[in-house]
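# An overview of the molecular structure
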Amino acid sequence: MMIIAEIGQAHEGSLGMAMSYIDALAEAGVDTVKFQVHVAEAESSVHEPFRIKFSDQDKSRFDYWKRMEFSLSQWIMIKDRCEKRGVEFLASPFSNAAVDLLEEIGVRRYKIGSGEVNNLLLLEKISRTGKPVIISSGLSSFSELDRTVGFLKKKKVELSILQCTTSYPTRPESYGLNVIKELKERYQVQVGFSDHSARIETCIAAFALGAEILEFHAVFSRKSFGPDATSSLEIEEIKDLVSSIKKLGIAFHNPVNKTDNSDFNSLKDIFEKSLAVNKKLEKGHIIQFDDLETKKPKSYGINAADYQKVLGRKVLKSLEKWDFLNWNDLQDE
């Protein structure tokens, strides 16, 4: 299981803020911290529209990407901080120039954003590095994924695919949790889930359904500035999510043998019950269903499960109300 927390642009172009996020997410227990590497001139233009017009300080989305850039030396500092804090540095490139930058920085693998799945030029560039690739499938149909997966498999690229819904924040009816199984069956590769719901239960459900990678956006506060804030998890929520996933992982690796309940014998003696009578019965009375009650503990009378075996039998002595009923109180059949 790999848990990826995406900072994306939550750092707002501040190196110090990026470092703060790395520290907080490492403490939260994630495995990987993910960034996006934008080289504005290589990937965008002044004609690119905003997905969400949230910023008055950026006249165009090109200006926004420009503001989100870090220098090579700054990226190296970011990667070093990740390594010092014991988390993997991961990034999504959005241009061939960004791949060149990441190769200089040094990465183990590449993450492909949903908008780049059909960018075979970029995928060709990444495939030439020989490194594993994780693809988000948020904007892709199966036919588009078929082409991209075929393209990468032909180039012997180690591949993982994440079910993803490109909607911010994603509503429950659009989670697409069913697609996790469909991706596994269709492509026979490692499959995960990339979440934008801002709810921890979504990733928990995805893990329970077989996701081997979980990815989500991270933010200090959903009230903060930026296009992804409302679809992100806050740090305390991430701590809860990581803890839940670890506990569920333990559960999944320790299946319970329901054919053997011998470990519960002592508890069964406490919780299970014995037959008793709910009224005073005279000697010779024939036991009826309405004469019976069950009382704790087990083994002080006939087992409650055997009540049918006592119906219609005579009592050999008088019994007081609430007395336990034992076999020696009854006439043999």
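Keep in mind the model is a prediction, meaning the values are calculated, not measured.

## Looking at the overall build of the protein chain
- Secondary structure summary: the protein chain contains 11 helices and 11 strands in total.
- Rg of the C-alpha trace for the protein chain: 31 Å, well past the compact-globule value of 20 Å for 333 residues, more than 25% over.
- Projecting the C-alpha coordinates of the protein chain onto the three principal axes gives extents of approximately 100 × 40 × 35 Å.
- For the protein chain, with 333 residues in total, the buried portion stands at 46%.

## A closer look at helix α8 (residues 178–187)
- Buried within α8 are the following residues: Val 179, Ile 180, Leu 183 and Tyr 187. All buried residues of α8 lie within an arc of 110° about the axis, which places them on one face of the element. Exposed positions of α8 whose direction lies more than 90 degrees from the buried face are Lys 181 and Glu 185.
- If you follow the buried residues of α8, they end up packed against α7 (142–154), β6 (159–164), β7 (190–195) and α9 (200–208).
- After α8 finishes, the residue Gln 188 shows a positive phi value of roughly 55°.

## Some points on unusual backbone geometry
- Of note, the bond from Tyr 168 into Pro 169 is cis; its omega dihedral lies within 30 degrees of zero at -15°.
- At the junction of Lys 296 and Pro 297, the peptide bond is cis and its omega measures out at 0° in the coordinates.
- Among the structural elements, Pro 297 can be located in the segment after β11 (292–295).
- The phi dihedral of Gln 188 is positive, around 55°, even though this residue is not glycine.

## Some thoughts on the side chain of Ser 140
- As for its position among the elements, Ser 140 is in the loop between β5 (133–136) and α7.
- Sequence-distant contacts of Ser 140, that is, excluding residues within four places in its chain, are made with Val 117 and Leu 145.

## A word on a nonpolar patch on the surface
- A contiguous nonpolar patch, built from Phe 264, Leu 267, Ile 270 and Phe 271 and spanning about 420 Å² of accessible area, is present on the exposed surface.
- Structurally, Leu 267 is set in helix α11 (residues 265–271).
- Among the residues examined, Leu 267 registers a relative accessible area of 39% and is labelled partly exposed.

## Observations regarding the nonpolar core
- Membership of the largest hydrophobic core comes to 67 residues, with the highest contact counts inside it found for Val 30, Phe 35, Ile 78, Phe 89 and Ile 238.
- Here the element with the most residues in this core is helix α1 (residues 15–28); it accounts for 9 residues.
- Ignoring anything within four residues of it in the chain, the contact list for Ile 238 reads Leu 25, Ala 28, Val 30, Phe 216, Ala 218 and Leu 233.
- Listed in part, the 11 residues of the second largest apolar core include Leu 275, Leu 281, Val 315 and Leu 325.

## A word on the pattern of salt bridges
- Summed over all chains, the structure comprises 27 salt bridges.
- Lys 131 is paired through a salt bridge with Glu 103; the nearest N and O atoms lie 3.1 Å apart. Here Lys 131 is found in the loop between α6 (120–127) and β5, whereas its partner Glu 103 is found in helix α5 (residues 96–105), with 28 residues between them in sequence.
- Residue Glu 124 is joined to Lys 155 by a salt bridge in which the shortest nitrogen-to-oxygen separation is 2.8 Å. Residue Glu 124 is located in helix α6, and its partner Lys 155 is located in the loop between α7 and β6; the two are separated by 31 residues in the primary sequence.

## Here's the deal with the UniProt feature "domain: AFP-like" (unreviewed entry) in the protein chain
- Mapped onto this numbering, the UniProt entry annotates "domain: AFP-like" (unreviewed entry) at residues 274–333.
- Between the C-alpha atoms that bound residues 274–333 the distance is 20 Å, and the span itself is 0% helix and 13% strand.

## A closer look at the packing of aromatic side chains
- A full pass over the atoms with the stated rule returns 9 aromatic pairs.
- Here the aromatic rings of Tyr 21 and Phe 220 are separated by 4.0 Å at their centres, their planes lie at 20°, and the arrangement is stacked. Highlighted residues: Tyr 21 in helix α1 and Phe 220 in the loop between β8 (213–219) and β9 (233–234), separated in sequence by 199 residues.
- What makes Tyr 21 buried here is its relative accessible area of 2%.
- On the accessibility criterion, Phe 220 (36% relative accessible area) is partly exposed.

## Digging into the pairing of β6
- The buried fraction of β6 amounts to 6 of the 6 residues, a majority that puts the element mostly inside the structure.
- Once you follow β5 into α7 and on to β6, the crossover reads as right-handed.
- With α8 bridging β6 and its parallel neighbour β7, the resulting β-α-β unit is right-handed.

## Observations concerning the side chain of Asp 329
- Within the fold, Asp 329 resides in the segment after β11.
- Classification of Asp 329 by relative accessible area gives buried; the value is 4%.
- A polar atom in the side chain of Asp 329 sits 3.4 Å from the side chain of Lys 317.

Conventions we followed
- Residues numbered from 1 in each chain as written.
- Predicted model: local features only at pLDDT ≥ 70, side-chain atom pairs only at ≥ 80, totals over all residues.
- Heavy atoms only, no water.
- Helix = DSSP H or I, 4+ residues; strand = E, 2+ residues; numbered from the N terminus.
- Rg over C-alpha atoms; globule rule 2.2 N^0.38 Å.
- Buried < 20%, exposed > 50% of the residue type's maximum accessible area, 1.4 Å probe, protein only.
- Arc of directions from axis to C-beta.
- Contact = heavy atoms within 4.5 Å.
- Patch = residues over 30% accessible without salt bridge, like charges linked within 9 Å, V, L, I, M, F, W, Y side chains within 5 Å.
- Areas by Shrake-Rupley, 256 points an atom, 1.4 Å probe, with all protein chains shown as cover.
- Salt bridge = Lys/Arg side-chain N within 4 Å of Asp/Glu carboxyl O.
- Core = buried A, V, L, I, M, F, W, Y, C linked by side-chain atoms within 4.5 Å.
- UniProt positions renumbered as here; feature names shortened; annotations may be inferred.
- Phe/Tyr/Trp six-rings, centres within 6.5 Å; stacked < 30°, edge-to-face > 60°.
- Right-handed = clockwise from strand over helix to strand, strands pointing away.
- Polar contact = N/O pair within 3.5 Å; in protein donor to acceptor, adjacent residues only side chain to side chain.

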